[in-house]
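Geometric and topological summary
Below are the chains, spelled out letter by letter.
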Amino acid sequence: MSHTKATPEAFRDALPREQLAAIGDAEPDPRPGRLGKIPVIRVTASKADSNGIAEAAYRVFEIALALIGLIVAMPVMLGIAVLIRLDSPGPVLFRHRRPARSVRVCGRNLEGRTDLHPPPGGYDRDAQYYAPAYFTLVKFRTMYRDAPARFPSYYPGAYAREDFRSQYPHVENDPRITRVGRLLRKLSVDELPNLWSVVVGDMRLVGPRPEALEVLQYHTPEEMIRFTCKPGISGLAQINGRKLLSWGETMALDLEYVRMRTIALDLKIILLTIKRVVTAHGAL
């Protein structure tokens, strides 16, 4: 697959101070800006709503696998922490507010919210809608702490809406990434702390990858369906190209996953993810 090179000139404006980088992991950008409105969709039945014995058993399996992963990887994680501190100043861990599974909110409670884009015709006061929710993603820091000050033009605040889906979320030869950070990303070990998010219930082993909040404003109402499922460490996009995919390709695969999700599919994705990580397929 051809991969169009992203450059600073391809982006416009800056991120708001309270948000972190839309691509990668760095400190908050001190320059002003704001997020666009996020579409809201009405609640309909979906596979994400399924419960029962099978789901409960799978949740126990997820927690057990995540805990085993954390325990086994602990020596590696301690080594990574030392390397990060020796390589560049700054914290070992990077924390970023990301979209969680959307929550159900009654229409009457959404009226007047300026951060949301209501459906055509406005809210039905007695109907239920999916409204955005958030959690704190934790991973190893792979960028320079002062990256926003050193490379301010690499922080997009707005894409041209018509160009968004053809853009790639990752910058080739990104100068913001540290030497150790490049190695961590190549080996896909920078996301090992995500396993703790699985244990506490913020994420699943498999699900749509949680993108930066700035991306939400470019979603159509139909595409917001991807947030009716908990975000995951891996998913269809991660086993079908990972960082080689454009925004549009990633969202299409996430939507496909949400619509056809089964426990059997999750197990298949977990196994294929291990294979992709070992072969470094799609890693940048």
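What counts as what
Residues numbered from 1 in each chain as written. Predicted model: local features only at pLDDT ≥ 70, side-chain atom pairs only at ≥ 80, totals over all residues. Heavy atoms only, no water. Helix = DSSP H or I, 4+ residues; strand = E, 2+ residues; numbered from the N terminus. Expected span 1.5 Å × (residues − 1). Buried < 20%, exposed > 50% of the residue type's maximum accessible area, 1.4 Å probe, protein only. Contact = heavy atoms within 4.5 Å. Axes fitted to C-alpha atoms, helices over the stretch in contact; angles between N-to-C directions. Parallel < 35°, antiparallel > 145°, perpendicular 65-115°, else oblique. Nonpolar A, V, L, I, M, F, W, Y, C, P; charged D, E, K, R; others polar. 1 Å grid on protein atoms, 1.4 Å probe; cavity = no way out; pocket = protein on both sides within 12 Å on 5 of 7 lines; lining within 4 Å. Points joined across faces, edges and corners; volume = space filled by probe spheres on them. Arc of directions from axis to C-beta. Polar contact = N/O pair within 3.5 Å; in protein donor to acceptor, adjacent residues only side chain to side chain.

A separate point is helix α1 (residues 53–87). What sets the pattern is the α-helix's 3.6 residues per turn: residues three or four places apart point alike. In this model α1 runs 47 Å from its N-terminal to its C-terminal C-alpha over 35 residues, within 8% of the 51 Å that 1.5 Å per residue would give. Within the span of α1, buried status applies to Glu55, Tyr58, Glu62, Ala66, Leu70, Ala73, Met77, Ile80, Ala81, Ile84 and Asp87. Those residues of α1 hidden inside the fold are in contact with β7 (134–140), α3 (179–187), α4 (194–200), β8 (204–206) and α7 (263–279).

This part takes up unusual backbone geometry. The backbone phi angle of Asn173 is positive, close to 50°, even though this residue is not glycine. Relative to the helices and strands, Asn173 is located in the loop between α2 (147–150) and α3. Although it is not a glycine, Ser188 sits at a positive phi angle of roughly 60°. Looking at where Ser188 falls in the secondary structure, it is placed in the loop between α3 and α4. Relative accessible area serves as the criterion here: at 16%, Ser188 is assigned to the buried category.

This next bit is on the packing of α1 against α3. Here α1 crosses α3 at 150°, and the two axes come no closer than 8 Å. Judged on the interaxial angle alone, α3 and α1 are roughly antiparallel. Mapping the contact onto sequence places Ile80, Leu83, Ile84 and Asp87 in α1 and Arg179, Val180 and Leu184 in α3. Among the residues making up the contact of α1 with α3, the classes are represented as five nonpolar, no polar and two charged.

A few words now on the layout of surface pockets. Its volume calculated, the largest pocket comes out at about 1,200 Å³. Elements with a minimum of two residues in the lining of the largest pocket: α1, β7, α3, β8, β9 (232–234), α5 (236–239), α6 (247–260) and α7.

Taking 1.5 Å per residue as the helical rise, α7 with its 17 residues ought to reach 24 Å, and the 25 Å between its terminal C-alpha atoms agrees with that figure. Within α7, the full set of buried residues consists of Leu265, Asp266, Ile269, Ile270, Thr273 and Arg276. One face of α7 carries all of its buried residues, which in axial projection span an arc of 140°. α7 presents Ala264, Lys268, Leu271, Ile274, Lys275 and Val278 as exposed residues on the side facing more than 90 degrees away from its buried surface. Along its buried surface, α7 packs onto α1, β8, β9, α5 and α6.

Looking at where Ser234 falls in the secondary structure, it is placed in strand β9. Overall, the relative accessible area of 4% leaves Ser234 in the buried class. Put simply, Ser234 and Arg209 are 25 residues apart on the chain and 6.6 Å apart in space, counted from C-alpha to C-alpha. Beyond its immediate stretch of four places on either side in the chain, Ser234 contacts Leu205, Val206, Gly207, Ile239, Ile269 and Thr273. Among the polar contacts listed, one links the side chain of Ser234 to the side chain of Thr273, at a separation of 2.5 Å.

The subject of this paragraph is empty space enclosed by the protein. Under the counting rule described, the total for this entry stands at two cavities of 30 Å³ or more. Lining the second largest cavity, in full, are Ala100, Arg101, Pro208, Arg209, Pro210, Arg226, Phe227, Cys229, Lys230 and Pro231. Among the residues forming the lining of the second largest cavity, the class breakdown is six nonpolar, no polar and four charged.

Just distances and angles here, no functional claims.
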